[in-house]
Amino acid sequence: MDLKKNKEEFVELLRSTGRDGVEDLLEGLETMGFFTAPASAGHHLNTEGGLVLHSLNTCKAALAVWQGMCALEPFLEKEVGRDSVIIASLLHDVCKSDIYVRSVKRRKNALGMWEDSEGYKVSYKNFPMGHGEKSVILLLCNGLEMSDDEMLAIRWHMGAWGVNMNSFEDQRCYDTSQKLYPLVTIVQVADHLAANIMERTGEEIDEL
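This write-up is about the structure you can find in this document. (Residues numbered from 1 in each chain as written. Predicted model: local features only at pLDDT ≥ 70, side-chain atom pairs only at ≥ 80, totals over all residues. Heavy atoms only, no water.)

**Side note on the side chain of Arg155**
Summarising the element assignment, Arg155 is placed in helix 7 (residues 148-155). Overall, Arg155 belongs to the buried group, its relative accessible area being 17%. When near neighbours in sequence (up to four residues on either side) are disregarded, Arg155 contacts Gly132, Glu133, Val136, Gly162 and Asp170. (Helix = DSSP H or I, 4+ residues; strand = E, 2+ residues; numbered from the N terminus. Buried < 20%, exposed > 50% of the residue type's maximum accessible area, 1.4 Å probe, protein only. Contact = heavy atoms within 4.5 Å.)

Structure representation (structure tokens):
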């Protein structure tokens, strides 16, 4: 994985939006450890720099979905701007910047023998604010200006997995966000496409 190249591509995409607060946010992401964090502890892209690559993959998938849907529903281009697609998809997982801690895990090698392997464990002690909502708060606190649909697309990017099914309010807010703002669905779909198609590995399939 080319960490430098991925970071440069991420920064270029973010700056292409011309959004107020981007430079302040980039400084904040550096401080948070975003550019070196993995995308997960034991699943997709669980390696240094994995979070940046997952963010890029999600952004590319989101732009492809948006462009395809604009061809089917021309009104969408006026309702959802390209800059909003980039902002919401590229920054949806900022919440993961500070939750992964390097650790040594026991796992089986190709011969079926247990051995020590470097990996990551998860800790929420830095800012236990949840997932999508944490991303939104971190972005706002670091000076990025966002529209309602961008904030809601990030908040609900986990889809039903991010909804407290014991909360009627959560369910209604999620359903309402999807109906009001197409960007919510675009980012949610793109996140799934990135993790389950663009980032799947032969090793994961073999473990099924």
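**Let's talk about empty space enclosed by the protein**
The tally for this structure, following the rule as stated, stands at 1 cavity of 30 Å³ or more. Here the largest cavity is characterised by a volume of approximately 30 Å³. What lines the largest cavity is Met1, Leu3, Asn6, Lys7, Phe35, Gly49 and Val52. With 3 residues, the top contributor of residues to the lining of the largest cavity is helix 1 (residues 3-16). (1 Å grid on protein atoms, 1.4 Å probe; cavity = no way out; pocket = protein on both sides within 12 Å on 5 of 7 lines; lining within 4 Å. Points joined across faces, edges and corners; volume = space filled by probe spheres on them.)

**As for the state of the cysteines**
Scanning all chains against the criterion turns up 0 disulfides. Left without a disulfide partner, Cys59 is nearest to the cysteine sulfur of Cys70, which lies 14 Å away. No disulfide involves Cys95; its sulfur sits 14 Å from the nearest other cysteine sulfur, which is in Cys141. (Disulfide = S-S within 2.5 Å.)

**A short note on the packing of helix 3 (residues 50-72) against helix 5 (residues 82-90)**
Any two packed helices are characterised by the angle at which their axes cross and by the distance between the axes. Contact pair helix 3 / helix 5: the axes reach a minimum separation of 8 Å and the direction vectors enclose 145 degrees. When the axes of helix 3 and helix 5 are compared, the crossing they make is right-handed. Residue-level contacts link Ser55, Leu56, Thr58, Cys59, Ala62, Leu63 and Trp66 of helix 3 to Arg82, Val85, Ile86, Ser89 and Leu90 of helix 5. Partitioning the contact of helix 3 with helix 5 into residue classes produces 8 nonpolar, 3 polar and 1 charged. (Axes fitted to C-alpha atoms, helices over the stretch in contact; angles between N-to-C directions. Left-handed = near helix turned anticlockwise from the far one by under 90°. Nonpolar A, V, L, I, M, F, W, Y, C, P; charged D, E, K, R; others polar.)

**A short note on the pairing of strand 1 (residues 100-108)**
Where strand 1 and strand 2 (residues 114-122) come together, 9 bridges link them in antiparallel fashion. Residue Tyr100 lies in a different strand from strand 2, and its bridge partner there is Val122. Connecting the antiparallel pair strand 1 and strand 2 is a turn made up of 5 residues, with Gly112 showing a positive phi of about 85 degrees. (Pairing = 2+ DSSP bridges.)

**Considerations on helix 9 (residues 182-198)**
Taking 1.5 Å per residue, 17 residues should reach 24 Å; helix 9 reaches 23 Å between its end C-alpha atoms and fits that length. If you check which residues of helix 9 are buried, you get Leu183, Val184, Ile186, Val187, Gln188, Ala190, Asp191, Ala194 and Ala195. Those residues of helix 9 that are buried are in contact with helix 3, helix 4 (76-79), helix 5, helix 7 and helix 8 (168-180). (Expected span 1.5 Å × (residues − 1).)

**Brief notes about the pattern of salt bridges**
Between side chains of opposite charge, a pair can form as their charged atoms come close. The tally for this structure, following the rule as stated, stands at 9 salt bridges. Between Asp83 and Arg19 there is a salt bridge whose closest N-O contact spans 3.1 Å. A residue pair is termed long-range when its members are at least 10 positions apart, and Asp83 in helix 5 and Arg19 in the loop between helix 1 and helix 2 (22-32) qualify at 64 residues. According to the relative accessible area criterion, Arg19 is buried, its value standing at 16%. Among the salt bridges present, the one from Asp98 reaches Lys134, with a minimum N-O distance of 2.7 Å. With a gap of 36 residues between them, Asp98 in the loop between helix 5 and strand 1 and Lys134 in helix 6 (residues 132-141) connect regions that are remote in the sequence. What emerges from the salt-bridge pattern is a single network uniting Arg19, Asp83 and Glu150. (Salt bridge = Lys/Arg side-chain N within 4 Å of Asp/Glu carboxyl O.)

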